[in-house]
Amino acid sequence: MPALRDVSFTLDRGECLLVLGPSGSGKSTLALAIAGLVPRELHGEWFGRLMLDGRATTETPAPDLAAIVGLVFQDPASQLVMERVEDDVAFGLENRAWPRPEMRLRIPVAIAEVGLRGLERRRSTTLSGGEQQRLALGGVLAPRPRVLVLDEPTANLDPAGAEAFVERLAAIRDARAATIVLVEHRVELAWGLADKVLALGRDGRPIDAGPPGDVLARSGRRMATEGIWLPETPEGAPASPAVVRSQRPLVEAADVSFGYVPGRLAVEDVDLTVAAGERLALVGPNGSGKSTLGLLLVGLLRPDAGRVRLGGADPSRLAAADLARRAGYVFQDPEAQFLAMRVRDEVELGLRPSERAAVPALMDALRLPLGEFGERSPYTLSGGEQRRLSLACVLVRRPDLLVLDEPTFGQDRLGYDGLLDILSERVEEGTAVVAATHDRRLVHDLGGRTVALDRGRVVSGTGHGAAAA
Amino acid sequence: MATTYGQAAGAVADTHWRTRDIVVAAIIGVAFGVVFIAWNGLWEAVGAVVLPARSLIYGVWLIPAVLAPLIVRKPGAALFAEMVAAGLSVFLGGTPWGPDALLSGFVQGAAAELVFAFTLYRSYSLPVLVVAAVASAAGAWIHDWVLYYAETDTQTMLLVGGAMAVSAVLVSALGSVALARALRQAGALEGFPD
Amino acid sequence: MIVRSPDELSLASPLGRVRAVTKLGLALAWLVGLALVVDPRPPIVVALSAALAGVAFGAIRPAALFRGVAPLSLAAVGVGVFNALFSAANGDPLQPVALSVGPVRLTEVALVGGLALGLRILAIATVGVVFALTTDSTALVDGLVQQLRVPERFGYGALAAYQAVPRLAANLATLRQARRIRGLRGSWHPRILVGLLVLAIRHGDRLALAMDARGFGSARRTRYREVRWGPIDALALVVGLVVIVAALATAD
Ligand SMILES: Nc1ncnc2c1ncn2[C@@H]1O[C@H](COP(=O)(O)OP(=O)(O)OP(=O)(O)O)[C@@H](O)[C@H]1O
Ligand SMILES: Nc1ncnc2c1ncn2[C@@H]1O[C@H](COP(=O)(O)OP(=O)(O)OP(=O)(O)O)[C@@H](O)[C@H]1O
Ligand SMILES: [Mg+2]
Ligand SMILES: [Mg+2]
């Protein structure tokens, strides 16, 4: 099945194209094609022609193409090459054989353009996610590409980081310094940038293309049914009222501190209680300790100080089988948690035969029907599909506590609604749901308590809900 | 007009290193470096004194020298991956063997490399991999004997060498084949020759 | 995982300013020198010289040096004891016996030999730690490429792969946790190694794609940072060679 078909568009110099589409509609494939990496580096069947500055991508040698197009991916860490900020920005210039004096002039400017002045000598692995992504942008912008292609560049960033990033993009667009192709699910941020919108459908065929207003008026309804987020989608009332059904505390964390490296705490003196059937959103900037706290709650990390109790027991000392009955955890990076070579084996991993019966229905609900996806490798799924698979692996069991780290990451509207339905069902049954997230819509729709972290400490929202005696 | 893009299969070994060949060969070395460091506790637990027992898991150290060439199929892959893995222990805590890591990495990588060179980089069949793994273990054995076990008697060192050879066959060669198969199943090797 | 990277103070120190390639060459020369003789004295001289140079000219805190060397002291003891126990000298009835417990007969020669080889490991470790704590990996690769003509694409390709270390260490931890939370025992199951390699290779693939997209591998490349030999390298070389010759001279 083609990832992308019959797509046609033209883009004038300095324009910004926003590419929208449900998960798996071929957005990333299109981004890679514009940079010439599909089909040169990623194999497949190729029909038609893609002209960039008057040259066909399939016939232009890679280095020539690289001089025209700059590409920014979703994951900032997978595009940083050199150890230090300054050297990384220099990398693209060196490759294009810029003379040293010109590099000396250009590099500080490029660093300032993305707001990283003062961090020139920092190791890029020590930057926050938002800073890393701006560094990736700076490195790509330094050689002044004529076309800039960005594939969900803000997906891993906290709201402030995403806004800062989009601001930088807006400055580039306003200066008409480069032609921009931007793939985004977070339309509310990106919509203002677009001169044109290209909407792709589920089957990889275009739904519509043109100026944003026109596209919305002509095809808004169709886009919504395909699952594309639209800018003015109203925030409805929370899925269900925030009622805590039980006073029984399920998880208790008391004065919990944890550090990965000596002398730097990732989570500090956190008190938190979650009752059965309760919903809790953990929010906070990149690096504030949300994931770490989540891992502590289910005993995958053991606190350095303080204690955690899950149903009365220390979860870090439970036998694996016992822990899996009490708690489920979805890790932030969807592909880092896969342990099998086929989607079917992945969901069924560790399940008792009696539990397997629930698999097909759940996979249908998450729009990963086993008939279509069962034999595929988890690793070759699109980003959104991987996220849903990792959710399926945990939702297929019925633990008392679900901790979900960025569960809506990269999801289109249908994926999102499907997940929310399942979650409210579970809450009805008395499951407690804790979600660490940057997604403000999810915080709203989850309709429970919100706890904000900053630098490892709880800064707003109380750690205790109704369960606190 | 449809054009199918993919790997062109040829009888002659392709000797051009693409960027992905370089980075993937290097990252195999890095991944094993990370595993070694995480495993260091286990290594010590097997007992610094029980050398022959330790030799039985020595093969894990030599996997990059077999797995990287098996995946990227380019001249120099064994040496390059092993040197990258060694370079890592120069820069990371846990295994500060320092300059010697580079020396032993060089010896292990070069020994395996010679075997692949002997086939003109055309064959990566199981027998070739086994010979390469054993050659690599032999290099490691001589290196360790000269540098660390200079006082140990010959008989004991022959026993150690035998254990290392067994480990090279079972762990390095067969292990690499199993790993490569799993990686292919996972779809991680789409851009690499079968 | 702790990445042992040098701090800025050490990089600015005299030892930090010696070119990486010079230090690497010296470290290897010392290593070869140590391999020439089995005697406890040369490794002691080498270890002390390296430690002294690191602390006095490399701005290394003694505690940091100690922390770096400590993990290898166990291996040093192990190797020393092994050599002493299985020394050929133990079977020689003419050799004076230092210690005999039941059937085990340890000769003086064997004990001294074991001590020498244990100390050899400590000396090598000390040199390694001083090198690592005063050398920037970028500077090393720059030096290898510009001064030793190591092919550029391999040098920077490897450097790019090194940036993945913290990520792969985190991946490894996540995979072990992922098994546990799904009720599976065995946090060192081979599947974990497979998972880690899949992630590593996919990451490497994406990284290579990003590098290609930034024009890596084009025919001509310029350099932002230039590495040239300086007088300090000559000085370091002379001092370093004097030390190893002097160390060897202390042997019987
Ligand atoms: N390497 C691959 N092998 C096989 N199929 C693939 C591969 N990469 C992507 N696909 C499939 O191609 C289709 C388009 O994928 P693509 O990654 O372009 O989607 P996307 O629109 O970017 O989705 P998302 O929003 O989830 O990132 C998907 O159905 C995906 O499963
Ligand atoms: N495996 C690890 N090793 C070392 N440090 C880590 C590790 N994981 C996280 N950290 C550090 O711990 C702190 C908290 O990280 P954590 O991942 O919990 O934050 P987060 O709030 O989930 O961030 P994000 O929004 O980016 O997911 C950060 O400073 C991070 O750099
Ligand atoms: Mg995508
Ligand atoms: Mg997180």
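Residues numbered from 1 in each chain as written. Chains lettered and ligands numbered in written order. Predicted model: local features only at pLDDT ≥ 70, side-chain atom pairs only at ≥ 80, totals over all residues. Heavy atoms only, no water.

Peer 1: I tried to follow the overall build of chain B on my own but got confused; where do I start?
Peer 2: A count of helices and strands for chain B gives seven helices and one strand. For chain B, the sequential pattern of α-helices and β-strands runs β-α-α-α-α-α-α-α. Of all 194 residues assigned to chain B, the portion counted as buried reaches 62%. Long-range pairs, those at least 24 residues apart, make up 72% of the contacts in chain B between residues at least 6 apart in sequence. (Helix = DSSP H or I, 4+ residues; strand = E, 2+ residues; numbered from the N terminus. Buried < 20%, exposed > 50% of the residue type's maximum accessible area, 1.4 Å probe, protein only. Contact = heavy atoms within 4.5 Å.)

Peer 1: Looking at this structure, I do not really get the site of ligand 1. What am I missing?
Peer 2: Residues and elements named next belong to chain A. Taken together, 18 residues surround ligand 1, and among them Gly24, Lys27, Ser28, Thr29 and Ser382 come closest. Take Ser28: an N or O atom from its side chain is 2.7 Å from an oxygen atom of ligand 1. A distance of 2.9 Å separates an oxygen atom of ligand 1 from a polar atom in the side chain of Arg376. Protein contact buries 75% of the 640 Å² of open area that ligand 1 shows by itself. For the shell around ligand 1, the elements supplying multiple residues, two or more each, are α1 (27–34) and α16 (383–395). When its residues are assigned to classes, the shell around ligand 1 shows two nonpolar, eleven polar and five charged. (Near = heavy atom within 4 Å. Polar contact = N/O pair within 3.5 Å; in protein donor to acceptor, adjacent residues only side chain to side chain. Areas by Shrake-Rupley, 256 points an atom, 1.4 Å probe, with all protein chains shown as cover. Nonpolar A, V, L, I, M, F, W, Y, C, P; charged D, E, K, R; others polar.)

Peer 1: In this structure, what is going on with unusual backbone geometry? I would like to understand it.
Peer 2: Most peptide bonds adopt trans geometry, and most residues besides glycine take a negative phi value. Look at Asp53(A): it is not a glycine, yet its phi comes out positive at around 55°. Secondary-structure assignment places Asp53(A) in the loop between β3 (51–52) and β4 (55–56). A positive phi angle, close to 60°, is found at Leu120(B), a residue other than glycine. The residue Leu120(B) is located in the loop between α5 (99–118) and α6 (126–147) in this model. By relative accessible area, Leu120(B) is classed as exposed at 53%.

Peer 1: I keep staring at the site of ligand 2 and nothing clicks. Help me out?
Peer 2: The local shell around ligand 2 holds 13 residues, among which Gly287(A), Lys290(A), Ser291(A), Thr292(A) and Gln332(A) are the closest. Residues within reach of ligand 2 are spread across chains A and C. At 2.9 Å from an oxygen atom of ligand 2 is found a main-chain nitrogen or oxygen belonging to Gly289(A). When ligand 2 sits alone it has 640 Å² of accessible area, and the protein chains cover 69% of it. Per element, the largest residue contribution to the shell around ligand 2 is three residues, and it comes from helix α10 (residues 290–297) of chain A. Among the residues forming the shell around ligand 2, the class breakdown is four nonpolar, eight polar and one charged.

Peer 1: Any chance you could explain the interface of chain C and chain B here in plain terms?
Peer 2: When the parts of a complex come together, some accessible area is lost, and that lost area is often taken as the interface size. Contact with chain C, which involves 65 residues of that partner, is made by 61 residues of chain B. If you sort the residues of chain C by the area they bury against chain B, Phe82(C), Phe154(C) and Ile201(C) come out on top, with a joint share of 12%. Applying the counting rule to chain C against chain B returns one salt bridge. Measuring nitrogen to oxygen at the nearest pair gives 2.9 Å for the salt bridge that ties Arg20(B) to Asp205(C). Linking chain C with chain B are eleven residue pairs in polar contact (both at pLDDT 80 or more). If you list the elements that add at least two residues to the side of chain C that touches chain B, you get α3 (20–36), α5 (62–85), α6 (108–134), α7 (137–146), α8 (152–162), α9 (165–181) and α10 (190–213) of chain C. For the side of chain C that touches chain B, the element with the most residues is α10(C), which contributes 15 residues. A per-class count over the side of chain C that touches chain B returns 48 nonpolar, eleven polar and six charged. (Buried area = accessible area lost by both parts, 1.4 Å probe. Salt bridge = Lys/Arg side-chain N within 4 Å of Asp/Glu carboxyl O.)

Peer 1: What am I meant to see in the sheet that holds strand β11 (residues 267–275) of chain A here?
Peer 2: Residues and elements named next belong to chain A. One open sheet holds the three strands; their spatial order is β11-β10-β13, and the pairing between them is antiparallel. Each having just a single partner strand, β11 and β13 (305–310) make up the two edges of the open sheet. Going from strand to strand, the sheet's axes swing by 10° on average, the running direction of each strand aside. On top of the sheet, α10 reaches β10 (249–258), β11 and β13; it is set at about 55° to β11, its chief contact. (Pairing = 2+ DSSP bridges. Axes fitted to C-alpha atoms, helices over the stretch in contact; angles between N-to-C directions.)

Peer 1: What should I look at first to understand the coordination of the magnesium ion (ligand 4) in this one?
Peer 2: Around a metal, the ideal angle is 109.5 degrees if four donors adopt a tetrahedral arrangement and 90 or 180 degrees if six donors adopt an octahedral arrangement. All names here are of chain A. The magnesium ion (ligand 4) binds to the protein through Ser291 (OG) and Gln332 (OE1); the donor distances cover 1.9 to 2.1 Å. Separated by 41 residues along the polypeptide, Ser291 in helix α10 and Gln332 in the loop between β14 (327–330) and α12 (343–348) bring together distant segments of the chain. Judged by relative accessible area, which is 33%, Gln332 ranks as partly exposed. (Donors = N, O, S within 2.8 Å, 3.2 Å for Na, K, Ca; no water.)

Peer 1: I keep staring at helix α7 (residues 154–185) of chain B and nothing clicks. Help me out?
Peer 2: Think of an α-helix as turning once every 3.6 residues; residues three or four places apart then point the same way. Residues and elements named next belong to chain B. Across its 32 residues, α7 extends 45 Å between first and last C-alpha, which sits within 8% of the 46 Å expected from 1.5 Å per residue. Taking the largest bend as the criterion, α7 deviates by roughly 35°, centred on Ala168. Backbone nitrogen of Gln155 and a side-chain oxygen of the N-cap are separated by 3.2 Å at the start of α7; the cap is Asp153. Phi for Gly187, located one or two positions after α7, is positive at around 85°. (Expected span 1.5 Å × (residues − 1). Bend = angle between axes of the 7 residues up to and from the residue.)

Peer 1: Honestly, the confidence of the model for chain B in this entry has me stumped. Any pointers?
Peer 2: Low pLDDT means the predicted atomic positions in that stretch should not be read closely. Residue and element names in this part refer to chain B. On average, residues of chain B score 85 in pLDDT, and 82% of them are at 70 or above. Taking the mean pLDDT of every element in chain B, the minimum, 66, falls on strand β1 (residues 2–5) and the maximum, 95, on α6. A low-confidence stretch, residues 7–11 (pLDDT under 50), is modelled with six contacts involving residues beyond four sequence positions or located in other chains. The ipTM, which scores confidence in the relative placement of chains, is 0.92 for this predicted complex, and the corresponding pTM is 0.92. (pLDDT = per-residue confidence, 0-100.)

Peer 1: Which parts of the structure should I look at to understand the packing of α6(B) against α7(B)?
Peer 2: Helix-helix packing: each pair is described by the crossing angle between the helix axes and the interaxial distance. All names here are of chain B. At a minimum axis separation of 8 Å, α6 and α7 run at an interaxial angle of 145°. Here the hand of the crossing between α6 and α7 comes out right-handed. In terms of residue class, the contact of α6 with α7 is made up of 19 nonpolar, three polar and no charged. (Left-handed = near helix turned anticlockwise from the far one by under 90°.)

Peer 1: I tried to follow α10(C) on my own but got confused; where do I start?
Peer 2: A rise of 1.5 Å per residue sets the reference length of α10(C), with its 24 residues, at 34 Å; its end C-alpha atoms lie 35 Å apart and thus fit the reference within 8%. Taken from the residues just after α10(C), Gly215(C) is the one with a positive phi, measuring 85°.

Peer 1: Whenever I open this one, the environment of Asp208(A) confuses me. Can you help?
Peer 2: Residue and element names in this part refer to chain A. With respect to the secondary-structure elements, Asp208 resides in strand β9 (residues 206–210). With a relative accessible area of 12%, Asp208 lands in the buried category. Between the alpha carbons of Asp208 and Gln332 there is a distance of 33 Å; along the sequence they are 124 residues apart. Setting aside anything within four residues of it in sequence, one finds Asp208 in contact with Val197, Leu198, Ala199, Val215, Arg218 and Ser219. Here the side chain of Asp208 touches Arg218 through a polar contact of 2.9 Å, side chain to side chain.

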